[in-house]
Amino acid sequence: MSNVLPLPSDQDSTGRTFGPEELENLAAALRSGTLTSTRGEFTKQFEQQFASLVGSKHGHACSSGTAAIHCAVAAVNPSPGDEIITTSITDMGGLSPILYQGAIPVFADVDPHTCNLTAKTIEARLTERTKAIIVTHLFGNPCDMNEIMDLANGRGIPVIEDCAQAFLTSYHDRYVGTLGSIGCFSLQQGKHITTGEGGVCVSDDDELARRLFLFINKAWGYGDEKPDHYFLALNYRMSELQGAVALAQLPKLDGVVESRVRTADALTSALRGLPGVETPQVTDGAVHTYWKYCLRVDENVVEGGAVGLGGKLREKGIACAPRYIQKPAFCCQVFRDQVTFGDSRWPFTLAQPSAVNYDKSLFEGTWNALRNVLVLPWNENYTQEHVDYIAVSVREAVTELTGVEQTVE
Ligand SMILES: *Cc1c(COP(=O)(O)O)cnc(C)c1O
């Protein structure tokens, strides 16, 4: 392990943007003695400023990205057995809320180059029971939303955007999260901005936003003349401690994104022409904000493919993830064995057979994508030196694994 250059990491202070601004807000929150967001001001301010930043009417903060997705699913209010089309290359937090609301996750295939859903793959899974579509803008690159929204609007089906990895990702000059009916973001430790754990939903739709708010608050009608618990819901509130940090993180987001895009573009230039390695595809009309930097490795050119190259990079201290989540979500035990509530298998018991058919032939893009991707960690604190180190490491590794000498352009 000679000459390893340590890279900033989003798991500690080397790769996070906390400073005196967060400390000051935290101290003020504590001094106020009010740590619940039902009464404090930090979370409310964060909600307003976040919504305004992305260009949405309403913002509602919550306890995690998973909670944000749960709120969104609850807001569209599926009946048990209704189907929600989604992707199997995503975080489990984007999927388990579907089952908690009694709906059936119906997995659509992805484009193997972007790992994202497309209008075509979604259309193939539409049925008369489709209640909503959840798209994940994976790694910070948006799905091609024009076609997806045309399809969904044509059928009156709401689209939930999982933007956990896609802060300030834009698509034809609009930020993701504002293209569908509801946008969901995560403030977990490793995301573009963070409160350790946390989440936020945005929506332009007054009624959906009202349901988001209620679902976060045990469906208690705060401020109503005769409040009640209107429906089944949880406490998914963000605390003022998180709100204080979130509010201080927000003004840093522009800089975080600008830096990530600049250094990612530099790596893409540095890797140009490398045989067997495909740099990230950016959707037409989009700005990819690089939560991660995802390479596609051709196993016919690079010995051992993504795993082989990943192994070499790890020796150089680059904590990459060959094959990202390793297997499609539907191969996880919860889906494979339908492990839910007691021995009931509910709500899978309500599913049409086609909805839970995970046959390999239906998911060629998904299997192809996961076999070939090599996900590099990315960070706002990368400098040109870090980018050069990664570029040289990749080039050296590819040289060793192809037996072809690479010339640096
Ligand atoms: C991180 C993430 C989530 C879950 O967010 P948590 O805050 O960890 O609950 C959901 N979807 C995607 C795409 C994510 O990356």
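Everything quoted here is computed from the prediction, not taken from an experiment. (Residues numbered from 1 in each chain as written. Predicted model: local features only at pLDDT ≥ 70, side-chain atom pairs only at ≥ 80, totals over all residues. Heavy atoms only, no water.)

1. Comments concerning the side chain of T114
Under the convention used in this document: Secondary structure counts use DSSP, requiring at least four H or I residues in a row for a helix and at least two E residues in a row for a strand, with both numbered from the N terminus. Burial status follows relative accessibility: with a 1.4 Å probe on protein chains alone, a residue under 20% of its type maximum counts as buried, one over 50% as exposed, and anything between as partly exposed. Polar contacts here mean pairs of N or O atoms no more than 3.5 Å apart (in protein, one a potential hydrogen donor and the other a potential acceptor; neighbouring residues in sequence count only if both atoms are side-chain atoms). Any two residues whose heavy atoms approach within 4.5 Å at even a single point are treated as in contact.
Among the structural elements, T114 can be located in the loop between β3 (104-108) and α5 (119-123). Here T114 falls in the buried class, since its relative accessible area comes to 14%. Only 3.2 Å separates the side chain of T114 from the backbone nitrogen of N116, close enough to count as a polar contact. Those residues in contact with T114, other than ones at most four positions away along the chain, are N141 and Q281.

2. Description of the site of the ligand
Quick reminder of the rule: To be near a molecule or strand, a residue needs just one of its heavy atoms within 4 Å of it. What sets the accessible areas is the Shrake-Rupley method with a 1.4 Å probe; for residues, cover comes only from the shown protein chains. In this count, Pro and Cys sit with the nonpolar residues alongside Ala, Val, Leu, Ile, Met, Phe, Trp and Tyr, while Asp, Glu, Lys and Arg are called charged and the others, Gly among them, polar.
For the ligand, the set of nearby residues contains 14 residues, the closest of which are G65, T66, D162, S186 and K191. In this structure, a nitrogen atom belonging to the ligand sits 2.7 Å away from a side-chain N or O atom of D162. Protein chains bury 92% of the 380 Å² of accessible surface belonging to the ligand in isolation. Residues belonging to the shell around the ligand are distributed by class as follows: one nonpolar, 10 polar and three charged.

3. Overview of a nonpolar patch on the surface
To be explicit about the condition: Two distance rules govern patches: like charges are joined within 9 Å, and nonpolar side chains (Val, Leu, Ile, Met, Phe, Trp, Tyr) within 5 Å, applied only to residues with over 30% relative accessible area and no salt bridge. The salt bridge criterion pairs a side-chain nitrogen of Lys or Arg with a carboxyl oxygen of Asp or Glu, the two atoms within 4 Å.
A cluster of nonpolar side chains, namely Y100, F341, W346 and L350, defines an oily patch on the protein surface of about 370 Å² accessible area. Tracing the sequence through the fold places L350 in the loop between α11 (333-336) and α12 (364-372).

4. With respect to the sheet that holds strand β2 (residues 83-87)
Convention followed: DSSP bridges decide pairing: two strands pair if at least two such bridges lie between them. For every element, the axis is a line fit to its C-alpha atoms; helices are fit only across the contacting stretch, and the angle between N-to-C directions ranges from 0 to 180 degrees.
Here we have seven strands laid out as an open sheet, ordered β1-β9-β8-β5-β4-β2-β3, and mixed in their pairing. In the strand order of this sheet, the two ends are held by β1 (58-62) and β3, each with one partner. Here the strands of the sheet are splayed against their neighbours by 25 degrees on average, with no regard to which way each runs. Of the pairings in the sheet, the one linking β2 to β3 comprises five bridges and is parallel in character. Following the sheet pairing, T86 is matched in β3 by F107.

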